[in-house]
Amino acid sequence: MTPDEAALAAFAALRRRDWAGAIEAADALRAPDRPALEARAAAYRAQALRELGRLDEAERSAAAAVQLAKRAGDTDGVTQLRGLHASILAGLAATRAAAKERTGDAMLAELADDVLLGDLLGGERAAVLVRKAGALADAGQVEACLAVTERAVTEARAAGAPREHVLALLCAARVSPEPAASIMAAHRVADATGDMNLVTAVARAARAAGVVLPAPGFG
Amino acid sequence: MRIALLRHGIAEDESTTDFDRALTEAGWLELERVLDALTHAGWAPGTILHSPYVRTTQTAASVHARFPHVPCIATDALAIGLLDPIMMAASRHVDPLLVGHEPTMGNLCGRLLGAPTGAIRFERAGFALLEVDRLPATRPARLLSFLSPMWVG
């Protein structure tokens, strides 16, 4: 395969969303005397890797593409490739942050409530418990999750924190084999607050669980 | 034969991908002014070959709207900037218009005129018309017209 053929094959594969094919064709391209073409191949590889979720490799390929385009004196290419590189870096940062949060939540699930709550007051106590309940739900620990949501509901009610109250009930609904009661309770609390974000969250949970909510009344 | 080169009009700075960047309102208007001047001067393409990127496809569509009887064909080599395959594709058509990107348009024009790489640069919606004996050319092309969007309207 000539470098031109490899570039055409990589581009065509990218257009038909054949990510593996695009990477294979880009890898086959060898044109050390044509840095502009090698920059394009590196950019195609970076885009395909990004689509496959291989962001570390995509970032390296995009960075290489920028350097190659600079060597080729392709100023327009450098601008575009910097944009590609920046968007991959942003994706990478978001993925790392999410992973860090997941790790934090997993640790949260392990901590005893009293240690976790420390000297927190009111709504903050309920918020921490809701987060712990979510982590337990993610870990599939149904019994523990239901126990924490129950405590979160009590704390939220005592603190007058309807948001945490609703979120705790929705968390319970998420793991419960019979979610209707929790969803209906969440609906009542959300409806009373008039907070559309909460009302929408409950409606979404109800749809997902196949629970029919009462139609809004008038007057 | 005559070969025309047109760079796409002004496009958005950002989109989901570089491929998806579309022409801006100003880009459309400027392009229309260039096309008005060209059609007023009596220019008409025999075929339109364009890079499949959104901004070049839209630019080609603007030309095609004025010459609907002319074939309009997406050509991957124009997206990648492969000069030999572009010349090869162009050689199969009469009086082709090539719609593409920088630095490809400038390098293509330079190669046809015998100028060094990087010597010629197209502005967005910039246009050139050249006369060549054949493609691949055996001697330097003759530059018939070079139009900057700043010179019209």
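Given the structure is predicted, the values throughout are model-derived calculations rather than measurements.

Before going further, it helps to examine the overall build of chain B. Along chain B, the regular secondary structure elements total five helices and six strands. The helix and strand sequence of chain B, counted from the amino end, reads β-α-β-α-β-α-α-β-α-β-β. Counting over 153 residues, chain B shows a buried share of 46%.

Counting secondary structure elements, chain A contains 11 helices and zero strands. Counting from the amino terminus, helix and strand elements in chain A follow one another as α-α-α-α-α-α-α-α-α-α-α. Looking at chain A residue by residue over its 219 residues, the buried ones come to 41%. Looking at chain A alone, contacts between residues at least 24 apart form 52% of all its contacts between residues at least 6 apart.

So, about the sheet that holds strand S3 (residues 72–74) of chain B. All names here are of chain B. Spatially, six strands are ordered S3-S2-S4-S1-S5-S6 in an open sheet, and the strand pairing comes out mixed. Bordering the open sheet on either side are S3 and strand S6 (142–147), each of which pairs with just one other strand. On average, adjacent strands in this sheet sit at an angle of 20° to one another, irrespective of strand direction. Across the sheet, helix H2 (residues 54–66) lies against strand S1 (2–7), strand S2 (47–50), S3 and strand S4 (96–100), angled at about 170° from S2, the strand it touches most.

A word on the interface of chain B and chain A. On the chain A side, the residues contacting the 14 residues of chain B number 14 residues. Elements with a minimum of two residues in the side of chain B that touches chain A: helix H3 (76–80) and helix H4 (83–91) of chain B. Top element by residues in the side of chain B that touches chain A is H3 of chain B. It accounts for four residues.

All right, on to helix H8 (residues 142–159) of chain A then. Given 3.6 residues to a turn, an α-helix orients residues that are three or four positions apart in the same direction. All names here are of chain A. If you check H8, its first and last C-alpha atoms are 25 Å apart, about what 18 residues at 1.5 Å a residue would give, namely 26 Å. Where H8 is concerned, the buried positions are Cys145, Val148, Thr149, Ala152, Val153, Glu155 and Ala156. Next to the buried residues of H8 lie helix H7 (122–138) and helix H9 (162–175). Among the residues trailing H8, Gly160 stands out with phi positive, at a value near 65°.

Residues and elements named next belong to chain A. For the pair helix H3 (residues 35–51) and helix H4 (residues 55–72), the least separation of the axes is 8 Å and the interaxial angle reads 160°. On the basis of their axis angle, the class for H3 and H4 is roughly antiparallel. Every pair of crossing elements has a handedness; the one defined by H3 and H4 is left-handed. Facing H3, whose interface residues are Pro35, Ala36, Glu38, Ala39, Ala42, Ala43, Arg45, Ala46, Leu49 and Arg50, H4 presents Leu55, Glu57, Ala58, Ser61, Ala62, Ala64, Ala65, Leu68, Ala69, Arg71 and Ala72. Across the contact of H3 with H4, the residue classes tally to 15 nonpolar, one polar and five charged.

Parts of the model with low pLDDT should not have their predicted coordinates read in detail. This prediction gives chain A a mean pLDDT of 87; 96% of its residues lie at or above 70. Per-residue pLDDT, averaged within each element of chain A, yields its smallest value for helix H6 (residues 113–117) of chain A (69) and its largest for helix H2 (residues 19–28) of chain A (96).

All names here are of chain B. Omega for the bond connecting Glu102 with Pro103 falls within 30 degrees of zero, at 5°, which places this linkage in the cis form. Relative to the elements of secondary structure, Pro103 occurs in the loop between S4 and helix H5 (104–113). Of note, the amide linkage connecting Leu135 to Pro136 takes the cis form, showing an omega dihedral of -10°. Following the sequence through the fold, Pro136 ends up in the loop between strand S5 (127–131) and S6. Positive phi outside glycine occurs at Asp95, with the angle close to 45°. Tracing the chain through its elements places Asp95 in the loop between H4 and S4. In this structure Asp95 comes out as partly exposed when scored by C-beta crowding, with 17 C-beta atoms within 10 Å.

This part takes up the confidence of the model for chain B. Averaged over every residue, the pLDDT of chain B is 93; the share at 70 or more is 99%. As scored by the predictor, the complex reaches a pTM of 0.67 and an ipTM of 0.82.

Basis of the calculations
Residues numbered from 1 in each chain as written. Chains lettered and ligands numbered in written order. Predicted model: local features only at pLDDT ≥ 70, side-chain atom pairs only at ≥ 80, totals over all residues. Helix = DSSP H or I, 4+ residues; strand = E, 2+ residues; numbered from the N terminus. Buried ≥ 20, exposed ≤ 12 C-beta atoms within 10 Å, placed from the backbone. Contact = placed C-beta atoms within 7 Å. Pairing = 2+ DSSP bridges. Axes fitted to C-alpha atoms, helices over the stretch in contact; angles between N-to-C directions. Expected span 1.5 Å × (residues − 1). Parallel < 35°, antiparallel > 145°, perpendicular 65-115°, else oblique. Left-handed = near helix turned anticlockwise from the far one by under 90°. Nonpolar A, V, L, I, M, F, W, Y, C, P; charged D, E, K, R; others polar. pLDDT = per-residue confidence, 0-100.

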